[in-house]
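One letter stands for each residue in the lines below.
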Amino acid sequence: MKTWIFLAAFVAARLLASQAAFVEVVTNGVAGFKDTPMQPDGKWHVHDPERPQPPVVMSGTFSEKATPPCDAVVLFDGKDLSQWRDKKTGGEAPWRIEEGIMVSAKGDIETTNQFGDIQLHLEFREPTPAQGEGQGRGNSGVFFMGQYEIQVLDCYINKTYADGATGGLYGQHPALANACRAPGEWQTYDIIFNVPHFGAKGEVETPAFVTVIQNGVVVQNHQAFRGATNWRSPGKYTPHGPTGPIALQYHNNSVSFRNIWVRPVPVVNDP
Ligand code: MG
(Lines give C-alpha, C1' and ligand atoms only; values in the text may rest on other atoms or scores of the structure.)
Protein backbone atom coordinates (compact mmCIF):
# COMPACT_ATOMS: atom_id res chain seq x y z
CA MET A 1 0.00 0.00 0.00
CA LYS A 2 2.76 2.39 1.04
CA THR A 3 4.57 1.71 -2.21
CA TRP A 4 1.46 2.66 -4.20
CA ILE A 5 1.03 5.93 -2.29
CA PHE A 6 4.70 6.73 -2.81
CA LEU A 7 4.44 5.93 -6.54
CA ALA A 8 1.29 8.03 -6.98
CA ALA A 9 2.93 10.97 -5.17
CA PHE A 10 6.05 10.57 -7.31
CA VAL A 11 4.05 10.53 -10.57
CA ALA A 12 1.98 13.56 -9.48
CA ALA A 13 5.14 15.48 -8.56
CA ARG A 14 6.75 14.66 -11.91
CA LEU A 15 3.59 15.73 -13.74
CA LEU A 16 3.47 19.06 -11.93
CA ALA A 17 7.20 19.60 -12.54
CA SER A 18 6.87 18.84 -16.26
CA GLN A 19 3.91 21.21 -16.59
CA ALA A 20 5.75 23.93 -14.73
CA ALA A 21 8.75 23.46 -17.03
CA PHE A 22 6.70 24.37 -20.14
CA VAL A 23 5.22 27.80 -19.58
CA GLU A 24 3.14 29.01 -22.48
CA VAL A 25 2.97 32.79 -22.74
CA VAL A 26 0.54 34.93 -24.73
CA THR A 27 1.84 38.05 -26.48
CA ASN A 28 -0.40 40.17 -28.75
CA GLY A 29 -2.91 37.33 -28.82
CA VAL A 30 -0.32 34.73 -29.88
CA ALA A 31 0.41 31.78 -27.61
CA GLY A 32 4.02 30.55 -27.65
CA PHE A 33 7.13 30.05 -25.56
CA LYS A 34 9.90 32.25 -24.18
CA ASP A 35 11.64 29.58 -22.10
CA THR A 36 12.88 27.67 -25.15
CA PRO A 37 16.41 27.78 -26.66
CA MET A 38 17.27 30.62 -29.03
CA GLN A 39 17.32 29.89 -32.75
CA PRO A 40 20.92 29.78 -34.10
CA ASP A 41 20.47 33.31 -35.52
CA GLY A 42 20.07 34.54 -31.94
CA LYS A 43 16.99 36.63 -32.70
CA TRP A 44 14.08 34.53 -31.55
CA HIS A 45 13.26 31.76 -29.15
CA VAL A 46 11.94 28.51 -30.64
CA HIS A 47 8.12 29.02 -30.93
CA ASP A 48 8.54 32.72 -29.99
CA PRO A 49 5.12 34.44 -29.88
CA GLU A 50 6.75 37.78 -30.78
CA ARG A 51 8.36 36.54 -34.01
CA PRO A 52 6.61 38.41 -36.87
CA GLN A 53 3.59 36.68 -38.39
CA PRO A 54 3.75 35.76 -42.10
CA PRO A 55 1.80 38.36 -44.12
CA VAL A 56 -1.59 37.16 -45.36
CA VAL A 57 -1.72 36.57 -49.13
CA MET A 58 -5.11 35.66 -50.62
CA SER A 59 -4.51 32.81 -53.07
CA GLY A 60 -5.92 32.71 -56.60
CA THR A 61 -8.36 30.27 -58.17
CA PHE A 62 -8.14 26.52 -57.92
CA SER A 63 -9.11 23.65 -60.19
CA GLU A 64 -11.14 20.92 -58.54
CA LYS A 65 -10.15 18.42 -61.23
CA ALA A 66 -6.39 18.25 -60.84
CA THR A 67 -4.75 15.02 -62.00
CA PRO A 68 -1.17 13.73 -61.55
CA PRO A 69 1.48 13.92 -64.28
CA CYS A 70 1.85 10.64 -66.19
CA ASP A 71 5.14 9.69 -64.52
CA ALA A 72 4.02 10.36 -60.94
CA VAL A 73 4.09 7.74 -58.21
CA VAL A 74 0.52 7.99 -56.92
CA LEU A 75 0.36 7.76 -53.13
CA PHE A 76 -3.41 8.26 -52.80
CA ASP A 77 -6.00 8.32 -55.56
CA GLY A 78 -9.11 8.07 -53.40
CA LYS A 79 -9.31 4.30 -53.37
CA ASP A 80 -7.17 2.76 -50.65
CA LEU A 81 -4.31 3.21 -48.20
CA SER A 82 -2.13 0.52 -49.78
CA GLN A 83 0.81 2.97 -50.13
CA TRP A 84 0.72 3.80 -46.40
CA ARG A 85 1.33 2.11 -43.06
CA ASP A 86 1.15 2.97 -39.37
CA LYS A 87 4.34 4.95 -38.60
CA LYS A 88 4.70 3.57 -35.10
CA THR A 89 3.85 -0.10 -35.60
CA GLY A 90 4.45 -0.65 -39.31
CA GLY A 91 0.96 -2.21 -39.41
CA GLU A 92 -2.11 -1.14 -41.36
CA ALA A 93 -2.56 2.65 -41.73
CA PRO A 94 -5.19 3.69 -39.15
CA TRP A 95 -6.66 6.58 -41.17
CA ARG A 96 -10.18 6.51 -42.64
CA ILE A 97 -11.32 6.82 -46.23
CA GLU A 98 -14.56 8.77 -46.62
CA GLU A 99 -15.95 9.28 -50.13
CA GLY A 100 -12.53 9.13 -51.76
CA ILE A 101 -10.87 11.33 -49.13
CA MET A 102 -8.26 10.27 -46.61
CA VAL A 103 -9.00 11.51 -43.06
CA SER A 104 -6.36 11.57 -40.32
CA ALA A 105 -7.06 9.47 -37.23
CA LYS A 106 -5.37 7.67 -34.34
CA GLY A 107 -1.70 8.03 -35.33
CA ASP A 108 0.90 9.15 -37.88
CA ILE A 109 1.20 7.26 -41.15
CA GLU A 110 4.11 6.87 -43.54
CA THR A 111 4.64 5.61 -47.07
CA THR A 112 5.70 2.02 -47.54
CA ASN A 113 8.16 3.27 -50.17
CA GLN A 114 11.29 5.32 -49.52
CA PHE A 115 12.11 8.52 -51.38
CA GLY A 116 15.08 10.86 -51.81
CA ASP A 117 14.96 14.16 -53.75
CA ILE A 118 11.33 14.65 -54.75
CA GLN A 119 8.51 16.82 -55.92
CA LEU A 120 5.38 16.17 -53.84
CA HIS A 121 1.82 17.25 -54.50
CA LEU A 122 -1.01 16.89 -52.02
CA GLU A 123 -4.32 18.53 -51.26
CA PHE A 124 -5.62 19.08 -47.75
CA ARG A 125 -8.78 20.41 -46.18
CA GLU A 126 -9.16 21.71 -42.66
CA PRO A 127 -12.22 20.71 -40.62
CA THR A 128 -15.25 22.98 -40.57
CA PRO A 129 -16.57 24.49 -38.43
CA ALA A 130 -13.11 25.37 -37.09
CA GLN A 131 -12.49 24.08 -33.59
CA GLY A 132 -9.68 24.87 -31.17
CA GLU A 133 -7.09 27.62 -31.29
CA GLY A 134 -3.44 28.07 -32.20
CA GLN A 135 -1.69 24.71 -32.56
CA GLY A 136 -4.96 22.97 -31.67
CA ARG A 137 -6.77 23.94 -34.88
CA GLY A 138 -6.46 21.49 -37.76
CA ASN A 139 -2.91 20.41 -36.92
CA SER A 140 -1.19 17.87 -39.16
CA GLY A 141 2.10 17.92 -41.06
CA VAL A 142 4.14 16.48 -43.89
CA PHE A 143 7.36 14.84 -42.77
CA PHE A 144 10.04 14.24 -45.37
CA MET A 145 12.29 11.25 -44.69
CA GLY A 146 9.98 10.77 -41.70
CA GLN A 147 11.63 13.63 -39.78
CA TYR A 148 11.64 17.04 -41.54
CA GLU A 149 8.22 18.64 -41.10
CA ILE A 150 6.36 21.17 -43.17
CA GLN A 151 3.52 22.24 -40.93
CA VAL A 152 -0.13 21.79 -41.81
CA LEU A 153 -2.41 23.92 -39.64
CA ASP A 154 -5.61 25.91 -40.02
CA CYS A 155 -4.08 29.40 -39.94
CA TYR A 156 -7.09 31.12 -41.48
CA ILE A 157 -7.83 33.83 -38.90
CA ASN A 158 -5.99 31.74 -36.34
CA LYS A 159 -2.72 32.99 -34.91
CA THR A 160 0.03 30.83 -33.52
CA TYR A 161 3.76 31.26 -33.02
CA ALA A 162 5.24 32.04 -36.45
CA ASP A 163 7.57 29.04 -36.64
CA GLY A 164 4.58 26.76 -36.08
CA ALA A 165 2.21 28.19 -38.70
CA THR A 166 1.21 26.61 -42.01
CA GLY A 167 4.03 26.35 -44.53
CA GLY A 168 6.64 26.69 -41.80
CA LEU A 169 9.58 24.39 -41.19
CA TYR A 170 8.16 23.61 -37.77
CA GLY A 171 10.11 25.21 -34.94
CA GLN A 172 12.67 26.64 -37.39
CA HIS A 173 11.59 28.91 -40.25
CA PRO A 174 8.20 30.64 -40.59
CA ALA A 175 6.50 30.74 -43.98
CA LEU A 176 7.06 33.75 -46.27
CA ALA A 177 3.30 34.20 -46.50
CA ASN A 178 0.08 33.00 -44.94
CA ALA A 179 -1.75 31.67 -48.01
CA CYS A 180 -4.34 29.66 -46.06
CA ARG A 181 -7.82 29.23 -47.43
CA ALA A 182 -10.80 29.03 -45.10
CA PRO A 183 -11.53 25.74 -43.33
CA GLY A 184 -13.65 23.48 -45.52
CA GLU A 185 -11.89 24.63 -48.71
CA TRP A 186 -9.37 22.41 -50.45
CA GLN A 187 -5.78 23.66 -50.43
CA THR A 188 -2.71 22.53 -52.35
CA TYR A 189 0.87 21.90 -51.36
CA ASP A 190 3.51 21.52 -54.07
CA ILE A 191 6.81 20.83 -52.38
CA ILE A 192 10.33 20.22 -53.68
CA PHE A 193 12.50 18.51 -51.11
CA ASN A 194 16.24 17.86 -51.35
CA VAL A 195 17.83 15.35 -48.99
CA PRO A 196 20.70 16.35 -46.68
CA HIS A 197 24.17 14.92 -47.28
CA PHE A 198 26.55 13.80 -44.57
CA GLY A 199 30.32 13.38 -44.59
CA ALA A 200 32.29 10.33 -43.49
CA LYS A 201 32.29 11.51 -39.85
CA GLY A 202 28.59 12.26 -39.88
CA GLU A 203 29.05 16.02 -40.38
CA VAL A 204 26.45 17.88 -42.44
CA GLU A 205 27.87 18.57 -45.91
CA THR A 206 24.66 20.03 -47.27
CA PRO A 207 21.46 20.45 -45.25
CA ALA A 208 18.01 19.38 -46.40
CA PHE A 209 16.40 22.08 -48.56
CA VAL A 210 12.74 22.68 -49.23
CA THR A 211 10.66 24.84 -51.55
CA VAL A 212 6.96 25.02 -50.74
CA ILE A 213 4.13 26.40 -52.86
CA GLN A 214 0.79 26.61 -51.05
CA ASN A 215 -2.28 27.37 -53.15
CA GLY A 216 -0.02 28.77 -55.88
CA VAL A 217 1.91 31.04 -53.50
CA VAL A 218 5.59 30.42 -52.67
CA VAL A 219 5.81 30.11 -48.90
CA GLN A 220 9.34 28.63 -48.70
CA ASN A 221 12.04 29.38 -51.27
CA HIS A 222 14.86 26.82 -51.10
CA GLN A 223 14.96 27.03 -47.30
CA ALA A 224 17.43 24.88 -45.34
CA PHE A 225 16.33 22.69 -42.44
CA ARG A 226 18.42 23.13 -39.30
CA GLY A 227 17.90 19.47 -38.56
CA ALA A 228 15.13 17.03 -37.79
CA THR A 229 11.93 18.66 -36.55
CA ASN A 230 11.46 18.84 -32.82
CA TRP A 231 9.11 20.52 -30.37
CA ARG A 232 10.76 23.33 -28.35
CA SER A 233 14.10 22.76 -30.07
CA PRO A 234 15.59 24.35 -33.20
CA GLY A 235 16.35 20.93 -34.72
CA LYS A 236 19.40 18.71 -34.93
CA TYR A 237 20.79 16.45 -37.63
CA THR A 238 21.46 12.79 -37.06
CA PRO A 239 23.20 11.19 -40.06
CA HIS A 240 20.99 8.90 -42.12
CA GLY A 241 20.76 7.27 -45.52
CA PRO A 242 19.80 8.80 -48.87
CA THR A 243 16.10 7.89 -48.77
CA GLY A 244 13.23 7.77 -46.28
CA PRO A 245 9.44 7.63 -46.10
CA ILE A 246 7.01 10.53 -46.41
CA ALA A 247 4.93 10.71 -43.25
CA LEU A 248 1.66 12.49 -42.47
CA GLN A 249 0.91 13.57 -38.93
CA TYR A 250 -2.14 12.90 -36.80
CA HIS A 251 -2.23 15.62 -34.13
CA ASN A 252 -5.64 15.03 -32.50
CA ASN A 253 -7.47 16.82 -35.33
CA SER A 254 -9.26 15.25 -38.31
CA VAL A 255 -7.60 16.72 -41.40
CA SER A 256 -8.60 15.52 -44.90
CA PHE A 257 -6.18 14.69 -47.73
CA ARG A 258 -6.58 13.77 -51.39
CA ASN A 259 -4.70 13.58 -54.69
CA ILE A 260 -1.27 12.78 -53.27
CA TRP A 261 1.55 12.01 -55.67
CA VAL A 262 5.28 12.25 -55.87
CA ARG A 263 7.95 12.46 -58.58
CA PRO A 264 11.59 11.68 -57.87
CA VAL A 265 13.59 14.71 -59.09
CA PRO A 266 17.36 14.26 -58.86
CA VAL A 267 19.50 17.33 -58.13
CA VAL A 268 21.75 17.96 -61.12
CA ASN A 269 24.94 19.70 -60.08
CA ASP A 270 25.80 20.98 -63.54
CA PRO A 271 26.37 24.75 -63.57
MG1 MG B 1 2.07 19.51 -37.20
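Above this note sits the structure.
From a predicted model like this one, the values you see are computed outputs, not experimental measurements. (Residues numbered from 1 in each chain as written. Predicted model: local features only at pLDDT ≥ 70, side-chain atom pairs only at ≥ 80, totals over all residues. Heavy atoms only, no water.)

### Remarks on the packing of aromatic side chains
Here's step 1: Applying the stated criterion across every chain yields a total of eleven aromatic pairs.
Here's step 2: Taken together, a centroid distance of 5.1 Å and an interplanar angle of 50° make the contact between Phe124 and Tyr189 tilted. Of this pair, Phe124 sits in strand 8 (residues 118-125) while Tyr189 sits in strand 11 (residues 186-194), placing them 65 residues apart in sequence.
Here's step 3: Between Phe144 and Phe193, the aromatic rings sit 4.8 Å apart at their centres with planes inclined by 10°, giving stacked as the arrangement. Of the two residues, Phe144 sits in strand 9 (residues 140-144) while Phe193 sits in strand 11, which places them 49 residues apart along the sequence.
Here's step 4: The exposure class of Phe193 is buried, given its relative accessible area of 0%.
Here's step 5: An aromatic cluster is built from Phe144, Tyr148, Phe193, Phe198, Phe225 and Tyr237, whose rings are joined through pairwise contacts.
Here's step 6: Positioned over the ring face of Phe33 is Arg232, at 4.8 Å from the centre of the ring. (Phe/Tyr/Trp six-rings, centres within 6.5 Å; stacked < 30°, edge-to-face > 60°. Helix = DSSP H or I, 4+ residues; strand = E, 2+ residues; numbered from the N terminus. Buried < 20%, exposed > 50% of the residue type's maximum accessible area, 1.4 Å probe, protein only. Lys NZ or Arg CZ within 6 Å of the ring centre and 35° of its normal.)

### Here we look at the side chain of Glu149
Here's step 1: Tracing the backbone through its elements, the reader meets Glu149 in strand 10 (residues 148-152).
Here's step 2: One buried charged residue, Glu149, remains without a salt bridge, the closest side chain of opposite sign being Lys87 at 9.1 Å.
Here's step 3: The residues touching Glu149, leaving out its near neighbours within four places in the chain, are Ser140, Gly141, Val142, Phe143, Gly168, Leu169, Tyr170, Phe225, Thr229 and Gln249. (Lys, Arg positive; Asp, Glu negative; His and termini not counted. Salt bridge = Lys/Arg side-chain N within 4 Å of Asp/Glu carboxyl O. Contact = heavy atoms within 4.5 Å.)

### Some details on unusual backbone geometry
Here's step 1: Following Thr128, the chain continues to Pro129 via a peptide bond in cis, the omega torsion being 0°.
Here's step 2: For Pro129, the location among the structural elements is in the loop between strand 8 and strand 9.
Here's step 3: Look at Glu99: it is not a glycine, yet its phi comes out positive at around 50°.
Here's step 4: Mapped onto the elements of the fold, Glu99 is located in the loop between strand 5 (96-98) and strand 6 (101-103).

### Topic: the coordination of the magnesium ion
Here's step 1: Taken together, Asn139 (OD1), Ser140 (O), Glu149 (OE), Gln151 (OE1) and Gln249 (OE1) make up the full set of protein donors to the magnesium ion, lying 2.2 to 2.4 Å away.
Here's step 2: Here the donor residues of the magnesium ion are spaced in sequence according to N-S-x8-E-x1-Q-x97-Q. Of this pair, Asn139 sits in the loop between strand 8 and strand 9 while Glu149 sits in strand 10, and the two are ten residues apart along the sequence. You'll find Asn139 and Glu149 in the same group, each marked buried. (Donors = N, O, S within 2.8 Å, 3.2 Å for Na, K, Ca; no water.)

### Considering the sheet that holds strand 9
Here's step 1: Taking strand neighbours across the sheet as the criterion, the five strands line up as 4-7-16-9-10 in an open arrangement whose pairing is antiparallel. Looking along the sheet, the strands with just one partner apiece sit at the ends: strand 4 (84-86) and strand 10.
Here's step 2: Pairing between strand 7 (residues 109-111) and strand 16 (residues 247-248): two bridges, direction antiparallel. Bridge assignment links Ile109 to a residue of strand 16, and that residue is Leu248. (Pairing = 2+ DSSP bridges.)

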